[in-house]
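# Per-entry structural report
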Amino acid sequence: MSLFGPGPQALLDDASGRIAYDPGFLAPARAGAWFAQLQAGIPWRSERRVMYERELDVPRLVASYRLSDPSLPEPLAAIATLVSVALGVAFNAVGLNLYRDQLDSVAPHNDRLADLVAGEPIALVSLGATRRMDIRAKQPPRRLLRLDLEAGSLLVMDYRTQLHYDHGIPKEAAAVGPRISLAFRVRR
Ligand SMILES: O=C(O)CCC(=O)C(=O)O
């Protein structure tokens, strides 16, 4: 499968980068089982960050691993292999986010390019509740892509998009169940 090929899955494919979405990357039963396993089995951390001169809770729980870590929790190796084989990319790191409810979020940002191997994409696997991602161009007229990230989906953003777009998961007004995202990267 090439998510970067032409076809209905490409959300963006121009000089500013390529973004592709596959809603059915994982079968629903497998996505459900892996969500339950990760929610219960990952040693989730809460973090604090200084923002606007105040130290605040990061509004989600996180975890991160090098894929070469001998103590990599199950089923991260299995998911990493599926994503690496599907995209033909040797991902070496995964960052996990647990959004406990509608009040958890991630502010608009781009990935820190200094941490990434130039030219390599970022692949996001979603499990659990559907959450909206906003992908907004940095330059006027600040084009906005709104995307519902469904359980079992795979979103791929190429390296260039991190120069031209911010992405974030906004808080929701209505109640939402928990969601886990897995961000696979090729780190330096
Ligand atoms: O939860 C998501 O899908 C996005 C996560 C994200 O942007 C990040 O980990 O940097």
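Residues numbered from 1 in each chain as written. Predicted model: local features only at pLDDT ≥ 70, side-chain atom pairs only at ≥ 80, totals over all residues. Heavy atoms only, no water.

### A look at the site of the ligand
Taken together, N97, Y99, H109, D111, L124, M133, L149, H167, I169, R179, S181 and R185 form the complete shell of residues around the ligand. Here an oxygen atom of the ligand and a side-chain polar atom of H109 are 2.9 Å apart. R185 is positioned with one of its side-chain polar atoms (N or O) 3.2 Å from an oxygen atom of the ligand. When the free accessible area of the ligand is taken as 290 Å², the share hidden by the protein chains comes to 91%. Of all the secondary-structure elements, those providing two or more residues to the shell around the ligand are β5 (93-99), β11 (165-169) and β12 (179-185). A total of three residues in the shell around the ligand trace back to one element, the largest contributor, which is β12. Considered class by class, the residues forming the shell around the ligand number five nonpolar, four polar and three charged. (Near = heavy atom within 4 Å. Polar contact = N/O pair within 3.5 Å; in protein donor to acceptor, adjacent residues only side chain to side chain. Areas by Shrake-Rupley, 256 points an atom, 1.4 Å probe, with all protein chains shown as cover. Helix = DSSP H or I, 4+ residues; strand = E, 2+ residues; numbered from the N terminus. Nonpolar A, V, L, I, M, F, W, Y, C, P; charged D, E, K, R; others polar.)

### Some details on the pairing of strand β1 (residues 10-14)
Of the pairings in the sheet, the one linking β1 to strand β2 (residues 17-22) comprises four bridges and is antiparallel in character. By the bridge assignment, D13 is partnered in β2 with R18. Count of turn residues in the β1/β2 antiparallel hairpin: two residues. (Pairing = 2+ DSSP bridges.)

### So, helix α1 (residues 28-41)
A turn of α-helix holds 3.6 residues, and therefore any two residues three or four places apart point the same way. With 14 residues, α1 extends 20 Å from end C-alpha to end C-alpha; this agrees with the ideal 20 Å at 1.5 Å per step. Within α1 the residues assigned to the buried category are A31, W34, F35 and L38. One face of α1 carries all of its buried residues, which in axial projection span an arc of 110°. Turned more than 90 degrees away from the buried face of α1, the exposed residues are A29 and A40. Residues of α1 that are buried in the fold lie against α2 (76-87), β5, β7 (122-128) and β12. (Expected span 1.5 Å × (residues − 1). Buried < 20%, exposed > 50% of the residue type's maximum accessible area, 1.4 Å probe, protein only. Arc of directions from axis to C-beta. Contact = heavy atoms within 4.5 Å.)

### Details of unusual backbone geometry
Residue P75 is bonded to the preceding E74 through a cis peptide linkage, with omega at 0°. Mapped onto the elements of the fold, P75 is located in the loop between β4 (54-66) and α2. A cis amide bond links P140 to the next residue, P141, at an omega of 10°. Within the secondary structure, P141 is located in the loop between β8 (131-137) and β9 (144-149). Positive phi, close to 55°, is recorded for R142, a residue that is not glycine. Following the sequence through the fold, R142 ends up in the loop between β8 and β9.

### Thoughts on the layout of surface pockets
There is about 950 Å³ of room inside the largest pocket. In terms of lining residues, the largest pocket is bounded by 41 residues, among which R49, R60, N97, V106 and H109 are the most central. Where the lining of the largest pocket is concerned, the elements lending two or more residues are β3 (45-51), β4, β5, β6 (106-109), β7, β11 and β12. Counting residues per element, the lining of the largest pocket draws most heavily on β4, at ten residues. Residue composition of the lining of the largest pocket, grouped by class: 21 nonpolar, eight polar and twelve charged. (1 Å grid on protein atoms, 1.4 Å probe; cavity = no way out; pocket = protein on both sides within 12 Å on 5 of 7 lines; lining within 4 Å. Points joined across faces, edges and corners; volume = space filled by probe spheres on them.)

### Digging into the packing of aromatic side chains
Inspection of the entire model under this criterion finds one aromatic pair. Aromatic side chains F91 and F184 sit 6.2 Å apart centroid to centroid with 55° between the ring planes, which places their arrangement in the tilted category. In this pair, F91 is assigned in the loop between α2 and β5 and F184 in strand β12, connecting sequence segments 93 residues apart. The buried category is assigned to F91, whose relative accessible area is 7%. The buried category is assigned to F184, whose relative accessible area is 0%. (Phe/Tyr/Trp six-rings, centres within 6.5 Å; stacked < 30°, edge-to-face > 60°.)

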